[in-house]
Amino acid sequence: EEKMIEVVLNDRLGKKVRVKCNEDDTIGDLKKLVAAQTGTRSDKIRIQKWYNIYKDHITLKDYEIHDGM
């Protein structure tokens, strides 16, 4: 079954955004949720960890992004 998780993202200025989503959501889905919360267009959002830029069609589960990360 789908597991709800909370993901914490920082913008370039270090402001934190917390988003509730499902492990089965894609990075593209996550961008839409971040966009809704921040008012930034989803096509202007880049989600990365260190130098690894995440691709839109891959799921959070496949990237091993878990609750609280």
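Here we summarise the structure given alongside this text. All of these numbers come straight from a predicted model, not from anything done at the bench. (Residues numbered from 1 in each chain as written. Predicted model: local features only at pLDDT ≥ 70, side-chain atom pairs only at ≥ 80, totals over all residues. Heavy atoms only, no water.)

**Digging into the overall build of the protein chain**
Right, so step 1: Each helix and strand counted, the protein chain has one helix and four strands in total.
Right, so step 2: The helix and strand sequence of the protein chain, counted from the amino end, reads β-β-α-β-β.
Right, so step 3: Relative to the globule expectation of 11 Å for 69 residues, the C-alpha radius of gyration of the protein chain, 11 Å, shows essentially globular dimensions.
Right, so step 4: The dimensions of the protein chain, computed from C-alpha atoms along their principal axes, are 35 × 25 × 20 Å.
Right, so step 5: Of all 69 residues assigned to the protein chain, the portion counted as buried reaches 32%. (Helix = DSSP H or I, 4+ residues; strand = E, 2+ residues; numbered from the N terminus. Rg over C-alpha atoms; globule rule 2.2 N^0.38 Å. Buried < 20%, exposed > 50% of the residue type's maximum accessible area, 1.4 Å probe, protein only.)

**Digging into the packing of aromatic side chains**
Think of a pair of aromatic rings as described by two things: how far the centres are apart, and how the planes are tilted against each other in angle.
Right, so step 1: Taken as a whole and assessed by the stated rule, the structure comprises one aromatic pair.
Right, so step 2: Ring centres of Tyr54 and Tyr63 lie 4.2 Å apart, and the angle between their planes is 35 degrees; this geometry places the pair in the tilted category. (Phe/Tyr/Trp six-rings, centres within 6.5 Å; stacked < 30°, edge-to-face > 60°.)

Function-wise, these values are silent; they only describe arrangement.
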